[in-house]
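# Geometric and topological summary
Listed below are the residues making up each chain.
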Amino acid sequence: MNAPPFSSLPGLLPPALHGAVRTRLDPWREWASPDHRKRWQELAAAATTPNPFFEPWYLLPAYEAFDTQASGRILTLEIGNELVGLLPLATASRYGRWPLPHLGTWLHPNAFLGAPLVRAGCEALFWKALFEWADEDRTATRALFLHMPAMPLEQPLTQALFDVADRENRTAALVMREQRALLHSPLTPELYLERALPGKKRKELRRQHTRLSEQGELAFQRQDDTTDIAEWTEAFLTLESRGWKGESGSAMASAPGTAALFRQSLTSAAALGKLERLSLKLDGQPIAMLANFLTAPGSFSFKTAFDEAYSRFSPGVLLQRENLALLSRPDIQWCDSCAAPDHPMIDSLWTERRPIGRISVALGGKLRRTAFETLLALELRRNPTGLGR
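Definitions and cut-offs
- Residues numbered from 1 in each chain as written.
- Predicted model: local features only at pLDDT ≥ 70, side-chain atom pairs only at ≥ 80, totals over all residues.
- Heavy atoms only, no water.
- Helix = DSSP H or I, 4+ residues; strand = E, 2+ residues; numbered from the N terminus.
- Buried < 20%, exposed > 50% of the residue type's maximum accessible area, 1.4 Å probe, protein only.
- Contact = heavy atoms within 4.5 Å.
- Areas by Shrake-Rupley, 256 points an atom, 1.4 Å probe, with all protein chains shown as cover.
- Lys, Arg positive; Asp, Glu negative; His and termini not counted.
- Charge placed at Lys NZ, Arg CZ, Asp CG, Glu CD.
- Pairing = 2+ DSSP bridges.
- pLDDT = per-residue confidence, 0-100.
- Axes fitted to C-alpha atoms, helices over the stretch in contact; angles between N-to-C directions.
- Parallel < 35°, antiparallel > 145°, perpendicular 65-115°, else oblique.
- Nonpolar A, V, L, I, M, F, W, Y, C, P; charged D, E, K, R; others polar.
- Phe/Tyr/Trp six-rings, centres within 6.5 Å; stacked < 30°, edge-to-face > 60°.
- Lys NZ or Arg CZ within 6 Å of the ring centre and 35° of its normal.
- Core = buried A, V, L, I, M, F, W, Y, C linked by side-chain atoms within 4.5 Å.
- Expected span 1.5 Å × (residues − 1).
- 1 Å grid on protein atoms, 1.4 Å probe; cavity = no way out; pocket = protein on both sides within 12 Å on 5 of 7 lines; lining within 4 Å.
- Points joined across faces, edges and corners; volume = space filled by probe spheres on them.

### A look at the overall build of the protein chain
When you go through the protein chain residue by residue, the secondary structure sums to twelve helices and 13 strands. Principal axes of the C-alpha set define a box for the protein chain whose edges measure 70 × 45 × 45 Å. Per-residue burial over the protein chain gives 53% buried out of 389 residues. Excluding contacts between residues fewer than 6 apart, the proportion of contacts in the protein chain whose partners are at least 24 apart in sequence is 78%. Element-wise, carbon and sulfur atoms account for 53% of the exposed surface of the protein chain, whose accessible area totals about 17200 Å². Charge separation in the protein chain, taken as the distance between the mean sites of 45 positive and 43 negative side-chain charges, equals 5 Å.

Written as structure tokens, this is what we have:
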């Protein structure tokens, strides 16, 4: 519902590609060289479905932070010298509570989308190559199926997955579906706010802004460059740690790995022009902060924090009111909230929804596929929300 439609950007559809088609699975460190990172970033810029969490400036620091055994692998598809697809893959011995070996997209709690990076026009080719590799490669032959969490269900990339599976008589099933808040509208920020919130709530926001202004000098700041990026990042980590996330141990600064990922990814994103930072300051001190990743034609609301000492003034909501300026950017059509479904704050302000799901795909020969069909029947019987596409 109200999900961002697919629209090809000018110049994104690839020229005719020539050469051998190669599917490879390499240790992630092999993709850390400058030449590989350059090719990888070019692929991200031409991808059908934007996904900042699989771009090199985010995925490589994530591996550094969380893959302490350096066991992570990246699957790539090349045509001649052209990189046309990339997906971080992992093998797992368990699926939920069941001891079922399978292949899966490598994700972590601070990666909010699992869509592979695939050059526009190469979607079907990518899935066909991935399935064939997983059927035959000796490193994947024990896997009963391929599991892909956090897939965007409205994109042609995902539709191509089901189309290829259908043509190959290969079962591909949506085993879980949910919706999260999305900002996507042709309206101006002012009209959008008027449509999203009733008059009483808009009046209350104006009152809170006025009362907050009485506490000191209130100022809003928006930045999309590298100015003071290190200072801004540390201020965010400190602000987030002072709140409930710090108390629960889920703040980015609560663990060295997540803190390092946050610092490195924001610095790199800012250098590439892919970061927008918003701050609401009282007497020069931030009381609400927000980081957006910009991946035209879309964007992702990555992290937000506010000072709970001022919660009666709703500083986080006041900052999100300023964030509606994304609707005025000519290069950005939509923003994924990256929030949990039914989030009490953002769901009331952003009225569109993005469908996200987990998809499982059959692999291998008759024996593996029969085992997968049995598992799938059990899972869908327990989880009816996964039955519809």
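### Quick look at the pairing of strand β6 (residues 145–152)
Counting buried residues in β6 gives eight out of eight residues, a clear majority hidden from the surface. Note that strand β4 (residues 102–105) and β6 share two bridges and pair parallel. Bridge pairing in β6 links G104 to H147. For β6 and strand β13 (residues 352–362), the ladder comprises six bridges, and the chain directions are antiparallel.

### Some points on the environment of L174
On the secondary structure map, L174 appears in strand β7 (residues 172–183). When the C-alpha positions of L174 and L380 are compared, they lie 8.9 Å apart, and in sequence the two are 206 residues distant.

### Section: the confidence of the model for the protein chain
Per-residue confidence for the protein chain gives a mean pLDDT of 93, with 94% of residues at or over 70. Low pLDDT, under 50, characterises residues 5–13; the stretch is placed with eleven contacts to residues that sit more than four places away or in other chains.

### A look at the environment of L100
Examined against the element boundaries, L100 turns out to sit in the loop between β3 (82–92) and β4. Once the C-alpha coordinates of L100 and A371 are considered, the two residues, 271 residues apart in sequence, prove to be 9.8 Å apart. The contacts of L100, once residues within four sequence positions are left out, are A92, S93, R94, Y95, L144 and L375.

### A short note on the side chain of K274
Looking at the secondary structure, you find K274 in the loop between α9 (256–271) and β9 (275–282). Those residues in contact with K274, other than ones at most four positions away along the chain, are Q41, E55, W57, A269, N292, F293, L294 and T295.

### Describing the packing of helix α1 (residues 34–45) against helix α2 (residues 56–66)
At a closest axis distance of 10 Å, the pairing of α1 and α2 adopts a crossing angle of 125°. Comparing the axis directions of α1 and α2 gives the class oblique. Packed against α1, whose contacting residues are R37, W40 and Q41, the element α2 presents P56, W57, L59 and L60 at the interface. Counted by class, the contact of α1 with α2 contains five nonpolar, one polar and one charged residues.

### Considerations on the packing of aromatic side chains
Taken as a whole, this structure holds 23 aromatic pairs when the rule is applied. Connected via pairs of aromatic rings, a cluster forms that spans F53, W57, Y58, F112, W232, F236, F262, F293, F300, F302 and W334. The aromatic ring of F302 is capped on one face by K303, whose charged end is 5.7 Å from the ring centroid.

### Some details on the nonpolar core
Ranked by internal contacts, the top residues of the largest apolar core, which has 78 residues, are F53, W127, L130, L146, L161, F293 and F302. For this core, the element with the most residues is helix α3 (residues 123–136), which contributes seven residues. If you look at the next biggest cluster of nonpolar residues, it comprises 29 residues, including L205, L327, L349 and W350.

### Quick word on α9
For α9, built from 16 residues, the straight-helix expectation of 22 Å at 1.5 Å per residue is met to within 8% by its first-to-last C-alpha distance of 23 Å. Of all the positions in α9, only G257, T258, A259, L261, F262, S265, L266, A269 and A270 are classed as buried. Among the residues trailing α9, G273 stands out with phi positive, at a value near 75°.

### A word on the layout of surface pockets
The computed volume of the largest pocket comes to approximately 760 Å³. Looking at the lining of the largest pocket element by element, the count peaks at six residues for strand β11 (residues 298–306). Here the residues of the lining of the largest pocket sort into 14 nonpolar, eleven polar and four charged. The calculated volume of the second largest pocket comes to roughly 190 Å³. Lining the second largest pocket are twelve residues, with S71, R73, L89, A90 and T91 sitting closest to its centre. If you tally residues by element for the lining of the second largest pocket, the top one is β3, at three residues. Partitioning the lining of the second largest pocket into residue classes produces six nonpolar, four polar and two charged.

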